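Descriptive analysis of the structure
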Amino acid sequence: MSDTKFDIVVIGSGPGGYVAAIRAAQLGFKVACIEKEKTLGGTCLNVGCIPSKSLLHSSESYSWLKHEAEQNGILCQKPSFDFDKMQSNKEEVVKGLTQGVASLFKHNNITAIQGKAKFVSTHMLEVTSKDGKSIIEATNFILATGSEPIPLPFLPFDEKTIVSSTGALALKNVPKKLLVIGGGVIGVELASVYNRLGSEVTIIEMLDQICAGMDDAISKGLLQSLKKQGITFHLKSKATEAKVKKEKIQLKVLIEDKSQTVEGNVVLVAVGRRPYSFGLGLEEINVKLEKGVVVVDNNFRTTQKHIFAIGDLIDGPMLAHKASEEGYAVAEIIAGKNTAVNYLAIPNIIYTHPEGASIGLTEKEARSKNLDIVVGNVSFRGNSRARCNLDTEGFVKVIGAGPKRHLVGMHIMGAQASELINSAVVAIEKQTTLHEIATSLIGHPTLSESIKEACGAALKCAVHSL
Ligand code: NAI
């Protein structure tokens, strides 16, 4: 085969694409991965999950020093921070991880091609880079181009004062007043970063709750907690117009149907993301799209049988770990293996403090399906480790269904919820019952004991709660 002909070409090198490329190479295919940006890793590594978690960690550490240290017996006079250093740490983390993907590609003999790919026929791509155009051919293709932030028509991104998550992660200074449109996961995470660093933050959310996809207990609990931390919320509110004068933005907002003006120095628009499916020439080769979403069957095949699509491009939650699982599965499917993704066990995490983490059915979903359920809910106030950590805000809520009370949902708000939720992935995957979890021997003292306790509470046999 020539250097321009491959068994599999993956378009996009995010957590979906790079995992697909590596698994395909491990399975013996000759693989290329085409990426339009300079570095590998896609949105997650470069301008999403990773840089946001770096800034969340730095700002949370600062906030802890400022508000919690003294209570822990640690005296530091007037803690302060260096925002440039926080930003350069973030860039170092991103650099290390994106270089890590490059070295995994090298190790697995994957050809990384920098450029923008477009189908010119069903088996041929034209790749445009700074060096010109080239043609790449393949037997199979995996589309993994991800998604992009949705702009508001009256607030086009300039990534300086009107920013998407990308611009918000790269601000040069902490804004005095930050307006956030959208109280979803991006909205509350980035609002947390800048609120901790001293911005006056206002979130404008269309619905009557924030983080609407989560269980109501988390949406309500987080709203209460973030309000206490100093973030202002306008719910049932919609921005309708904007006046932008350099670093002063006036937004006209319909707050519960009354028009008001709110002012800020930076506006973060975080009203969702849309599949990045345009410009690939898909319609021209009869790959079906529905409102930009690439239509696939259960094996990730598009309407062209040798072209597969995964991640944010297809239906389902726009989450890095969902894309990675699909990337792994699609490579195996192309190799003739019978691999599937379990969509019932996808954790959904919000990295605020306290963190929110959800998996499986919410209580509302379980009730709307008329399932016979039991619900157990325990507060971290009753957990000895949380007490030692002087961090008892939050709860664990579990939902068991059916005669055997299989775990069908777990919802956690609290410190380390992002780590705790992953035990539920295995439990749901393996169809574990609440009784099995409630009678497992869990290390003491740990936050995980609250999971055991919540299962016990659902079955009315919890020892440590009333
Ligand atoms: P989102 O869908 O989570 O939230 C958008 C929010 O904006 C919704 O609450 C919606 O009601 C509100 N909204 C929409 N139009 C509005 C308007 N005109 N005015 C006021 N509010 C409006 O979307 P978000 O936060 O932008 O995140 C995009 C995707 O990125 C999500 O699918 C998310 O799963 C993913 N992501 C995941 C992270 C994680 O796992 N921790 C972190 C960041 C992003």
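Worth saying up front: this structure is predicted, and the values here are computed from it rather than measured.

Criteria and thresholds
Residues numbered from 1 in each chain as written. Predicted model: local features only at pLDDT ≥ 70, side-chain atom pairs only at ≥ 80, totals over all residues. Heavy atoms only, no water. Near = heavy atom within 4 Å. Polar contact = N/O pair within 3.5 Å; in protein donor to acceptor, adjacent residues only side chain to side chain. Areas by Shrake-Rupley, 256 points an atom, 1.4 Å probe, with all protein chains shown as cover. Helix = DSSP H or I, 4+ residues; strand = E, 2+ residues; numbered from the N terminus. Nonpolar A, V, L, I, M, F, W, Y, C, P; charged D, E, K, R; others polar. Domains from an automatic or database assignment. Contact = heavy atoms within 4.5 Å. Buried area = accessible area lost by both parts, 1.4 Å probe. 1 Å grid on protein atoms, 1.4 Å probe; cavity = no way out; pocket = protein on both sides within 12 Å on 5 of 7 lines; lining within 4 Å. Points joined across faces, edges and corners; volume = space filled by probe spheres on them. Buried < 20%, exposed > 50% of the residue type's maximum accessible area, 1.4 Å probe, protein only. Phe/Tyr/Trp six-rings, centres within 6.5 Å; stacked < 30°, edge-to-face > 60°. Lys NZ or Arg CZ within 6 Å of the ring centre and 35° of its normal. Pairing = 2+ DSSP bridges. Right-handed = clockwise from strand over helix to strand, strands pointing away. Salt bridge = Lys/Arg side-chain N within 4 Å of Asp/Glu carboxyl O.

Now for the site of the ligand. In the vicinity of the ligand, 20 residues are found, and the nearest of them are I186, E189, E205, G272 and I349. Here a nitrogen atom of the ligand sits 3.0 Å away from a polar atom, N or O, in the side chain of E189. Calculation on the ligand without its partners gives an accessible area of 850 Å², and the protein chains cover 80% of this total. Examining the composition of the shell around the ligand, we find that three residues originate from one element, helix α6 (residues 185-196), more than from any other. Along the lines of polarity and charge, the residues of the shell around the ligand split into 13 nonpolar, four polar and three charged.

What follows is about the domain arrangement of the chain. For the chain, the assigned domains read domain 1 (4-149 + 274-341), domain 2 (162-271) and domain 3 (345-458). For domain 2 and domain 3, the distance between their C-alpha centres works out to 29 Å. Each side of the interface is counted separately: domain 2 has 18 residues, and domain 3 has 20 residues. At the boundary of domain 2 with domain 3, total buried surface from both sides reaches about 1400 Å², with 62% on carbon and sulfur atoms.

Summary: where empty space remains is shown by rolling a probe the size of a single water molecule over the atoms. Taken as a whole, the second largest pocket holds about 1000 Å³ of empty space. Around the second largest pocket, the lining comprises 31 residues; the ones closest to its centre are E60, R196, T352, H353 and D391. Counting only elements with at least two residues in the lining of the second largest pocket, the list comes to α3 (49-67), α6, α7 (216-228) and α11 (417-420). Among the elements that line the lining of the second largest pocket, the one with the most residues is α3, at nine residues. When its residues are assigned to classes, the lining of the second largest pocket shows six nonpolar, 15 polar and 10 charged.

In this section: the environment of K172. Of note, K172 is situated in the loop between α5 (165-168) and β9 (177-181). K172 sits in the exposed class, given a relative accessible area of 67%. Here the alpha-carbon distance between K172 and D84, two residues 88 residues apart in the chain, equals 7.5 Å.

Turning our attention to the packing of aromatic side chains. The tally for this structure, following the rule as stated, stands at four aromatic pairs. Measuring from ring centre to ring centre gives 4.9 Å for Y62 and F81, while their planes differ by 65°; the resulting arrangement is edge-to-face. Here the residue Y62 occupies a position in helix α3, and F81 occupies one in the loop between α3 and α4 (83-107), the gap between them amounting to 19 residues. Their ring planes at 65° and their centres at 6.1 Å tell us that F83 and Y194 sit as a pair that is edge-to-face. In this pair, F83 sits in helix α4 while Y194 sits in helix α6, placing the two residues 111 residues apart along the sequence. Accessibility expressed as a relative area gives 1% for Y194, which makes it buried. Just above the ring of F6 sits the side chain of K30; from NZ or CZ to the centre is 4.8 Å. Over the ring of Y276 we find K36; its NZ or CZ atom is 5.1 Å from the centre of that ring.

To continue, consider the pairing of β9. Across the five residues that make up β9, a large majority, four, are buried. Across five bridges, β9 lies against strand β10 (residues 200-204) in parallel orientation. Among the inter-strand pairings, I181 is bridged to a residue of β10, identified as I204. Taking the sense of rotation as the criterion, the β-α-β connection linking β9, α6 and β10 turns out right-handed. Of the pairings in the sheet, the one linking β9 to strand β15 (residues 266-269) comprises four bridges and is parallel in character.

What follows concerns the pattern of salt bridges. Counting across every chain of the model gives 14 salt bridges. Put simply, R274 and E148 hold a salt bridge, and the shortest N to O gap is 2.8 Å. Of this pair, R274 sits in strand β16 (residues 273-275) while E148 sits in strand β7 (residues 147-149); the two residues are 126 residues apart in sequence, bridging distant segments of the chain. Looking at R274, the relative accessible area reads 35%, which means it is partly exposed. Residue classification places E148 among the buried positions, given a relative accessible area of 17%. Note that D216 and K364 form a salt bridge whose closest N and O atoms lie 3.3 Å from each other.

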